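# Coordinates in review
Listed below are the residues making up each chain.
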Amino acid sequence: MKLSTNLRGALFSFLYFMLFISIAFISQDVFAIIIFTIGFVLAINLIAKGLNRLKIPIKIATIVSLIGSLFFLYLLLVLLVPTVIKEISNFVVFLNDFFQNGSWKVLLKNQPENIVNNIENFMNSLQPKLIEMLSNFIELIPSYGQKAFTFLFFLTIGSIYLSFYFEEFKVRLQYLYPRSLRNSAKIFYEESFSQIEHYVVATLFAAAFVGISAFLAMSFLGIKYQLLLSFWAAVTNFIPVIGVVLEFIPMIIVGVSSGLSTMLIFILIMIIIHGIAFIIFISIMKDYGRINPVITVFSLLILGSILSLTGALIAVPTAMIIKVFWNIYIKPELERS
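Residue positions are given per chain, counting from 1 as you read along its sequence in written order. The predicted nature of this model means local features are confined to residues of pLDDT at least 70 and side-chain atom pairs, given and counted, to a pLDDT of 80 or more, with totals for whole chains, interfaces and linings taken over all residues. As a rule here, side-chain values cover all heavy atoms of the structure and leave hydrogens and water aside.

What follows covers the overall build of the protein. For the purposes of this entry, the term helix denotes a DSSP run of H or I that reaches at least four residues, the term strand denotes a run of E that reaches at least two, and both are numbered from the N terminus. Scanning the protein from N- to C-terminus turns up 10 helices and 0 strands. The buried share of the protein, taken over its 337 residues, is 40%. Long-range pairs, those at least 24 residues apart, make up 74% of the contacts in the protein with a sequence separation of at least 6. All accessible areas in this document rest on Shrake-Rupley with a 1.4 Å probe, and a residue is counted as covered only by the protein chains that are shown. In the form shown here, the protein has an accessible surface area of approximately 19,500 Å², with 71% of it arising from carbon and sulfur atoms. For every residue, the accessible area obtained with a 1.4 Å probe (protein chains only) is divided by the maximum for its type, and the residue is called buried under 20%, exposed over 50%, and partly exposed between those limits. Between two residues, a contact is recorded if the distance between any of their heavy atoms is within 4.5 Å.

Take the side chain of S69 next. When you line up the elements, S69 lands in helix 3 (residues 58-101). Setting aside its immediate chain neighbours within four residues, S69 contacts F40, I44 and I47.

Most peptide bonds are trans, and most residues other than glycine sit at a negative phi. Positive phi values are uncommon outside glycine, yet K55 reaches one of about 75°. Within the fold, K55 resides in the loop between helix 2 (28-52) and helix 3. Relative accessible area serves as the criterion here: at 76%, K55 is assigned to the exposed category. At Y225, a position not held by glycine, the phi torsion is positive, near 60°. Relative to the helices and strands, Y225 resides in the loop between helix 5 (182-221) and helix 6 (226-236).

As a further point, take the packing of helix 6 against helix 7 (residues 243-257). Axis separation between helix 6 and helix 7 bottoms out at 8 Å; the angle between their running directions is 165°. Put simply, helix 6 runs roughly antiparallel to helix 7. Crossing of helix 6 over helix 7 shows left-handed handedness. Each of L229, W232, A233 and T236 in helix 6 lies in contact with helix 7, whose residues at this interface are G243, L246, E247, P250, M251 and V254. For this classification, the nonpolar set comprises Ala, Val, Leu, Ile, Met, Phe, Trp, Tyr, Cys and Pro, the charged set comprises Asp, Glu, Lys and Arg, and every other residue, Gly included, is treated as polar. Residue composition of the contact of helix 6 with helix 7, grouped by class: 7 nonpolar, 2 polar and 1 charged. Axes, fitted as lines to C-alpha atoms, cover a helix only where it is in contact. Angles between the N-to-C directions of the axes lie from 0 to 180 degrees. Put simply, angles under 35 degrees are roughly parallel, angles over 145 are roughly antiparallel, angles from 65 to 115 are roughly perpendicular, and the rest are oblique. Less than a right angle of anticlockwise turn of the near helix away from the far helix marks a crossing as left-handed, whereas a clockwise turn marks it as right-handed.

Glancing now at the packing of aromatic side chains. Two aromatic rings from Phe, Tyr or Trp, using only the six-membered ring of Trp, form a pair when their centres are within 6.5 Å; if the ring planes differ by under 30 degrees the pair is stacked, by over 60 it is edge-to-face, and anything between is tilted. If you walk through the whole model with that rule in mind, you get 15 aromatic pairs. On the basis of an interplanar angle of 65° and a centroid distance of 5.1 Å, the ring pair of F188 and Y189 is categorised as edge-to-face. With respect to class, F188 is no different from Y189; both count as buried. With a centroid separation of 6.3 Å and an interplanar angle of 75°, the aromatic rings of F188 and F325 are classed as edge-to-face. In this pair, F188 is assigned in helix 5 and F325 in helix 10 (residues 315-334), connecting sequence segments 137 residues apart. Within the aromatic cluster, the residues linked to one another by ring pairs are F12, Y16, Y177, F188, Y189, F325 and Y329.

Pasting the structure below:
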């Protein structure tokens, strides 16, 4: 049975995608470097296009965008990372005191005794696991130094090289297909990269807004560990669906220690901040990447379980690729008379 053009194109695209994912099974570190480099370059490329609309030549716009992005990245690492690591150590001590003093019991006033006892048993079982996890992370920080240096080195080199050849790289991808399939392959990659570009930039802006706003809100309310928790808030915004839940757990724990009223005000402020961040995200995305939530959740579950954190980060881009794949190759085939 001879396959149609659409099905042959789908087969080639699927095989290349699986080959790309297979890198993670060879080395997750290498796969993570590739993913972050592509994401970084996509952001640089979109910023350069924006500068190009201001009549700045594209090469100069790319150089300005590249230098500015790398400078901001390293400045952020130099200013934030040492302080955040120091705050993690203090946060472990705080958590231990929080559980031992039973500060969370203020939230259970006037509740039935059996509910209080069940939650107390849960909190008592959670304490050693949480403290152990954070303590192990602190002990592993020195060993991450070499990995971090390697990661940043290849991220920088890859970003510099790929930024100037990114458009050519996208065009060359179609030549991995037979001549008869190249037109559809070109459309497939152009649409996929366009959607992912907007997603990366939208997520970066939304995460930055949430992190900065959370820091200002905690500083105003006098909540401790502002830098650590605002950094955590920004990072978790890159994880779809469960990211917000992961963000709020430590914030609520610290908020309780500042008083019930302060915690409630802070939660309300954070809900408003996330609402504004969502508006920022939608305004940048516009009509790009409208993904069915079911596909996103399944993508998160599958990739997260296979590739852990890196899989969670690429869940939405993967869902976008699946949608484009469906529209370019599968849907036209199903609608043939």
